[in-house]
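# Notes for the structure review
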Amino acid sequence: MDFPIFHLDFAGNRMLIAGIAVLHVMINHALAVGAIPLVTMMELHGARHHRPDWDRLAYRTLAVCFIITTSVGALTGVGIWFATSLVNPAAIGSLIRVFFGAWFVEWIVFCLEVIAIMAYFLSWKRMGQRHKRAHIALGAALSVLSWLTLAIIVAILSFMMEPGSWLARRSFLSGVFNPLYLPQLAFRTPVAMLAAGLFAVGLAFFLTRSERELRAQAVRLLSAWILAWTPFALAGGLWYRARVPGWMRANVPVALTTQAYQGWYRDVAVALAAMAIAVLLIAAWGALAPRRLPRAVLVLPFALVLVMLGSFERVREFIRKPFVIANYMYANGIRADVVPLLQEDGVLAHATYVSSRTITPANREEAGRELFLICCTRCHTTSGVNSVLAKLTNLYGPRPWDRNVVKGYLRTMHTVRPYMPPFPGTEEEAGAVADYLLALRRMPAELDGAQTAGVRVPADVAAAPGSR
Amino acid sequence: MGPLPAPHDIPLPLPVSPLFLELAIVFLFLIHILFVALMLGGSLLTVAFEIRGRRRPDCDVLAREIAATVTVSKSLAVVLGVGPLLVMNVFYTVFFYSANALTGAAWLAVIPLVTAAFLLTYLHKYTWDRLAGAKGLHIAIGALASALFLVVPFVFLTNINLMLFPDRWTSVHGFLTALVLPNVVPRYLHFVTASVALTGLFLMAYFGRAGFPAEEVFREFDRRALRRRFASVALGATGLQLLFGPLLFFTLPAVGISWALILNILAGVSLAIVAIVLLTREVVAPGARLGVRYLATATALTGTVVFMAYGRHLYRESALAPQRTAIAARTAEFEETVLAAQMRAKAGIRHTKAEAATSPGEQVFRSICSACHARDTRLVGPPLTEIDRIYKGNPAGLIAWVKAPGKKRPDYPQMPAIKLTPAQYQAVAEFVLAVPGTS
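Treat the numbers as computed from the prediction; the structure is a model and nothing was measured.

## Observations concerning a nonpolar patch on the surface
Residues and elements named next belong to chain B. Among the surface-exposed residues, Leu242, Val269, Ile273 and Val277 lie close enough to one another that they form a single nonpolar patch of about 320 Å² accessible area. No other element matches helix α10 (residues 259-284), which puts 3 residues into the nonpolar patch. Here Ile273 shows up in helix α10. Since its relative accessible area comes to 43%, Ile273 is described here as partly exposed.

## Notes on the pattern of salt bridges
With the rule as written, the count across this model stands at 25 salt bridges over all chains. Salt-bridge contacts for Arg335 of chain A lead to Glu335 of chain B; the nearest nitrogen and oxygen are separated by 2.7 Å. With Arg335 of chain A in the loop between β2 (329-330) and α15 (339-345) and Glu335 of chain B in helix α11 (residues 292-355), this residue pair bridges two chains. Residue classification places Arg335 of chain A among the buried residues on the basis of a relative accessible area of 9%. One network of salt bridges, with partners in common, ties together Glu366, Arg369, Glu370 and Arg456 of chain A.

## Some points on the environment of Gly174 of chain B
Structurally, Gly174 of chain B is set in the loop between α5 (135-163) and α6 (175-179). Gly174 of chain B sits 71 residues away from Thr103 of chain B along the chain, and the two C-alpha atoms are 5.4 Å apart. Aside from chain neighbours lying at most four places away, what touches Gly174 of chain B is Gln451 and Thr452 of chain A together with Leu102 of chain B.

## Structural notes on the confidence of the model for chain A
Of the residues in chain A, 93% reach a pLDDT of 70 or more, and the chain-wide mean stands at 87. In the predicted structure, residues 462-468 of chain A sits below a pLDDT of 50 and forms 9 contacts with residues beyond four places in sequence or in another chain.

## Some words on the interface of chain B and chain A
Every contact between the two is made by 80 residues of chain B and, on the other side, 75 residues of chain A. Of all residues in chain B, Leu12, Leu86 and Tyr97 of chain B bury the most surface against chain A, accounting for 10% of the area lost on that side. Between Arg97 of chain A and Asp9 of chain B there is a salt bridge; the shortest N-O distance is 3.7 Å. Linking chain B with chain A are 14 residue pairs in polar contact (both at pLDDT 80 or more). Looking at the side of chain B that touches chain A, the elements with two or more residues in it are α1 (18-52), α2 (57-91), α3 (93-102), α4 (104-126), α11 and α12 (360-367) of chain B. The element contributing the most residues to the side of chain B that touches chain A is α2 of chain B, with 15 residues.

## Description of α12 of chain B
Residues and elements named next belong to chain B. Every buried residue of α12 is listed here: Gly361, Glu362, Val364 and Phe365. Around the axis of α12, the buried residues are gathered within 160° of arc, so they sit on the same side. Facing away from the buried surface of α12 by more than 90 degrees, the exposed residues are Pro360 and Arg366. Tucked inside the fold, the buried residues of α12 contact α13 (384-391) and α15 (422-433).

## Description of unusual backbone geometry
Residue and element names in this part refer to chain A. Phi at Asn327 is positive, roughly 65°, even though this residue is not glycine. One can find Asn327 in the loop between β1 (323-325) and β2. One non-glycine residue, Asn386, lies in the positive phi region at around 55°. Note on placement: Asn386 falls in the loop between α17 (364-375) and α18 (388-396).

## Description of the confidence of the model for chain B
Averaged over every residue, the pLDDT of chain B is 91; the share at 70 or more is 96%. Considering only residues more than four positions removed or in separate chains, one finds that residues 350-355 of chain B, a stretch of pLDDT under 50, has 0 contacts.

## Brief notes about the domain arrangement of chain B
Its domain assignment divides chain B into domain 1 (18-334) and domain 2 (360-433). Here the C-alpha centroids of domain 1 of chain B and domain 2 of chain B sit 66 Å apart.

## Focus on the packing of α1 of chain B against helix α7 (residues 184-208) of chain B
All names here are of chain B. Direction vectors running N to C along α1 and α7 enclose 85°, while the axes themselves pass 7 Å from each other. Regarding the angle of α1 to α7, the classification is roughly perpendicular. Across from Ile33, Leu34, Val36, Ala37, Leu38, Leu40, Gly41, Gly42, Leu44 and Leu45 in α1, the residues of α7 making contact are Phe191, Val192, Ser195, Val196, Leu198, Thr199, Phe202 and Leu203.

## Some details on the nonpolar core
Soluble globular proteins: nonpolar side chains tend toward being buried together. With 189 residues, the main nonpolar core has Trp81, Phe82, Ile96, Phe99 and Trp103 of chain A together with Tyr92 and Phe96 of chain B as its most contacted residues. The element best represented in this core is helix α4 (residues 89-122) of chain A, accounting for 20 residues. Those residues within four positions of Phe96 of chain B in sequence are excluded, and the remaining contacts are Leu85, Met88, Asn89, Trp107, Asn159, Ile160 and Met163 of chain B.

## What about the packing of helix α3 (residues 52-87) of chain A against α2 of chain B?
Contact pair α3 of chain A / α2 of chain B: the axes reach a minimum separation of 10 Å and the direction vectors enclose 15°. With respect to each other, α3 of chain A and α2 of chain B are oriented roughly parallel. Crossing handedness for the pair α3 of chain A and α2 of chain B: left-handed. Of the residues in α2 of chain B, those touching α3 of chain A at Thr70, Ala74, Leu75, Val78, Trp81, Phe82 and Ser85 of chain A are Lys74, Ser75, Val78, Val82, Leu85, Leu86 and Asn89 of chain B.

The rules behind each value
Residues numbered from 1 in each chain as written. Chains lettered and ligands numbered in written order. Predicted model: local features only at pLDDT ≥ 70, side-chain atom pairs only at ≥ 80, totals over all residues. Heavy atoms only, no water. Patch = residues over 30% accessible without salt bridge, like charges linked within 9 Å, V, L, I, M, F, W, Y side chains within 5 Å. Areas by Shrake-Rupley, 256 points an atom, 1.4 Å probe, with all protein chains shown as cover. Salt bridge = Lys/Arg side-chain N within 4 Å of Asp/Glu carboxyl O. Helix = DSSP H or I, 4+ residues; strand = E, 2+ residues; numbered from the N terminus. Buried < 20%, exposed > 50% of the residue type's maximum accessible area, 1.4 Å probe, protein only. Contact = heavy atoms within 4.5 Å. pLDDT = per-residue confidence, 0-100. Buried area = accessible area lost by both parts, 1.4 Å probe. Polar contact = N/O pair within 3.5 Å; in protein donor to acceptor, adjacent residues only side chain to side chain. Arc of directions from axis to C-beta. Domains from an automatic or database assignment. Axes fitted to C-alpha atoms, helices over the stretch in contact; angles between N-to-C directions. Parallel < 35°, antiparallel > 145°, perpendicular 65-115°, else oblique. Core = buried A, V, L, I, M, F, W, Y, C linked by side-chain atoms within 4.5 Å. Left-handed = near helix turned anticlockwise from the far one by under 90°.

Here it is, written out as structure tokens:
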């Protein structure tokens, strides 16, 4: 409402954030938070048993992690900042006001982590065997730093799902120690360890081409690592699931599949569980009979874990709907407490970048377009991903749509689709949106965001005295 | 009121004092930009020396030594950028986010562009030996990374420049129209030249330091020659600023110019002139060791950079002051009306409930069911007349369906489950089955 609206009308804005964030989470969990302690353990194992080949494997595993985390990993982290500030500036702006301290501390830890990983990686050969203990200690310190960045960011992620007592107290600590924080951290930590183990097993196959003995030992040790973390991941997952508020759990079927396929929820859930079991069986096989394990089987678990991690993040993102910050701000960036005012006066009366504050017979469709841009486009496109035309076609079929029926639906949809926010404007404005949607159906047209179309302001303001 | 309707700010209070944020924005940003400069300048010099290295082997070795510093500075540049980004987000919320959105596509492109530049930088560094036989290709990889590093500052500078001038926001349509605003290109030239100057200054110390084993690394170059070489790089680049600096100053829009700003710039320029004199002496008659003269040069240029950075902040604050005031006033006013409307809404609900002569069943029907069902026409689901035919005298059956609907009709979408209280279910079922004229 108060910012120019960036919009991607094909892939959708949620897809933009999801793509960047899921990639970042995968790299962060598997190649940093989980990988650093794992590599340190491999280095320690090599030093204890005087095995230079183990040391080399640990170093090469770290090299892959180093190159990916300090390029794609670091930049997708910044990318989340960029993308969220484009897609939902009101939400990220509010979160930063609450969590500035946490993010600032995280940033300092993050700086230390980058310095430490450069020191750990770049000094590996130079410190050699003579300073091995100091080098391993450096790996341990780096492990703690990596985990700390996770521990801080999870506070914010879980706050977005359930602010808990912050809604009343508005203090920093009440925001950090929200009800979902510790369960989510208890879940993500072992999952990161698991994912790193699976990544390292897959990688070991490429790094130990000619050393069959080393490969078998590596598969055995890494499989044992995976199995050791599994009970913690299960316990954390159950604790987390138990703490998710009931109204959110009701969203899970749609979140995991989509509205159209929510009937398949059980099948998809069973498939995910089957994947988890398959991963465990492979790990058990690796721990017991590493030599018999075929090569392709080792790459598979990591791919499966990426699918599971992606589903987990999608569900986490979706189940907090209709909110972006639970009970405080709706997914479209409009605060819950502002809605009564907007329903009285209209969104156009209070929005900054609209071409007119009033709806006239001449500008109905244009006003509807601007309202759609403000109220709906954070989640919907016109005819791309999560297309509004497809949703309405699903409801009204190929028959001609009745403007008043669409308008009526806009005003009550949140009661039957609990993940939809209420329409924030007046009845007249809902009518204008209906007019726009009907026009869009007659003649589909790309909906441009501010990044190409720019912004407009009402004529009376542009001509106000004192304007430059 | 300004040329724009002032947007509402986010009504939550600033998390820390504005003074902290202002200091943070000036100094944290300086540290970030220092490493960005070393990354950009290092990348450019790597390519330049590698090209010369085709004739002179020592230059190839030198290029490789510089490349080793670039991968470190680039990691620090990114991570040190996050802090100032955070401060920008919180201190310039409305301005920064608005400029981001208006240049959205290019702003977002920074992420893949920098990622690609980083991966190319690693590729360049780690294939030095393997591609020794295909030097042209190896140089091309380095040059491509440099080219990407050169593109990215355009996006940042366009964005940060656009943010300062809210009066321009309505005339911008995409990144390119924002790029051609008067001050962007001069800022860019100023920045790229400064990057080369800083890198030259850094490499003077890096290769001139006492512990650097120049004799083992190079065939001909010794520490003194290296120091002199990079002193001339720093000198040339700093000298160019005598051209780009005034260009930048005279293209600044007048809105933010103040006497304090001019004094800051003059102080910065005087220190830069001191540095130029010292660097000239270093080039003409290099000292025996890295000594007092280097320290004085570095101090003078640090002073220049600090004055310029502070001047930049002064300019930004005075350019944004009028709109900031307008935004604060409008936000406060808006929050009052929000509160008043909430009170009215709460009171209003009771009011309508007392007044409405409708049954509880009809209320539920109106607020929930009517989105999809009408009396005798199909909206989304079937009309009440049809529902009535199916469930006449069987409200329990209707309630069971509403709680867990299935999909019966191929040409209708599936109905979502409706959650109500037991009393509401009963009331709405009775209402639906008793609508006059439905049987």
